[in-house]
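Each chain, letter by letter, is given below.
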Amino acid sequence: MAKKVRYNGGKDSYYPCSEPTNLIIGKVYEVVYERDRGWQTDYTLKGVEGEFNSVWFDDVVSNDKVYMAISRALPVIGERYECCKIEFLNGKPTLLGVTTSVVREISDMGNHIYKVGTLNSVYIVKIG
């Protein structure tokens with residue numbers, strides 16, 4: 001999952017970087033690149049031009065639960081998805097049939113593996 005950060009209003013930096021004039025305090029941004037400069041780390045943000053000091057941002061912790069699963073069918077955005085979630089019970093992998101909440105996003109990861117995002121969870125699903 002992509003790193004999410006919230007702009008906290010900071011403007012000071014050790015090394016020069018872009019002015020935060022287009023950043024909105026309290027808004028959540030997605031980090032697409034981190035550059036470690038020794039005394040300072042700069043973020044490049046999705047949809048925002050420039051590099052910004054990482055201390056100007058607070059990490060946003062995701063409450064999404066991530067599961068591994070298998071299924072015979074491809075997921076469809078806007079529909080619930082049936083799959084078998086893999087859980088470890090008493091130290092042994094066990095398949096639990098589940099029907100997810102409505103699928104919100106799908107990413108093809110290659111090799112018949114998909115990242116399926118629902119309202120509260122993310123499933124890494126092998127289709128077979």
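Everything below is about the structure shown above.
Along every chain, residues carry numbers that run from 1 in the direction the sequence is written. Residues qualify for local features only when their pLDDT is at least 70, as the model is predicted, and side-chain atom pairs are given and counted only at 80 or more; totals for whole chains, interfaces and linings, by contrast, use all residues. Water and hydrogen atoms were dropped before computing side-chain values, which therefore reflect all heavy atoms in the structure.

Engineer: What should I look at first to understand the side chain of lysine 85 in this one?
Structural biologist: Secondary structure elements are taken from DSSP: a helix is a run of H or I of four residues or more, a strand is a run of E of two residues or more, and numbering for both begins at the N terminus. Considering the arrangement of structural elements, one finds lysine 85 in strand β7 (residues 82-89). Counted as a polar contact is a pair of N or O atoms within 3.5 Å, where, for protein atoms, one must be capable of donating a hydrogen and the other of accepting one, and residues adjacent in sequence contribute only when both atoms are in side chains. Reaching out from lysine 85, the side chain makes a polar contact with the side chain of glutamate 87 at a distance of 3.0 Å. If sequence neighbours within four positions are ignored, lysine 85 has contacts with Tyr67, Met68, Ala69, Thr94, Leu95, Leu96, Val98 and Tyr123. Any two residues having at least one pair of non-hydrogen atoms within 4.5 Å are treated as being in contact.

Engineer: I keep staring at the pattern of salt bridges and nothing clicks. Help me out?
Structural biologist: Between side chains of opposite charge, a pair can form when the charged atoms approach closely. Should a side-chain nitrogen of Lys or Arg be within 4 Å of a carboxyl oxygen of Asp or Glu, the pair is scored as a salt bridge. Applying the stated rule across the entire model yields seven salt bridges. Between glutamate 30 and lysine 4 there is a salt bridge, and its shortest N-O distance comes to 3.7 Å. Residue glutamate 30 is found in strand β2 (residues 28-36), and its partner lysine 4 is found in strand β1 (residues 3-7); the two are separated by 26 residues along the sequence. Note on classification: 1.4 Å probe, protein chains only; a residue is buried when its accessible area is under 20% of the maximum for its type, exposed when over 50%, partly exposed between these limits. Residue class for glutamate 30 comes out partly exposed when judged on its relative accessible area of 21%. A salt bridge links arginine 37 to aspartate 42; its shortest N-O distance comes to 2.7 Å. On the basis of relative accessible area, aspartate 42 is assigned to the buried category, the value being 0%. One continuous salt-bridge network, built from bridges that share partners, spans Arg35, Arg37, Asp42 and Glu51.

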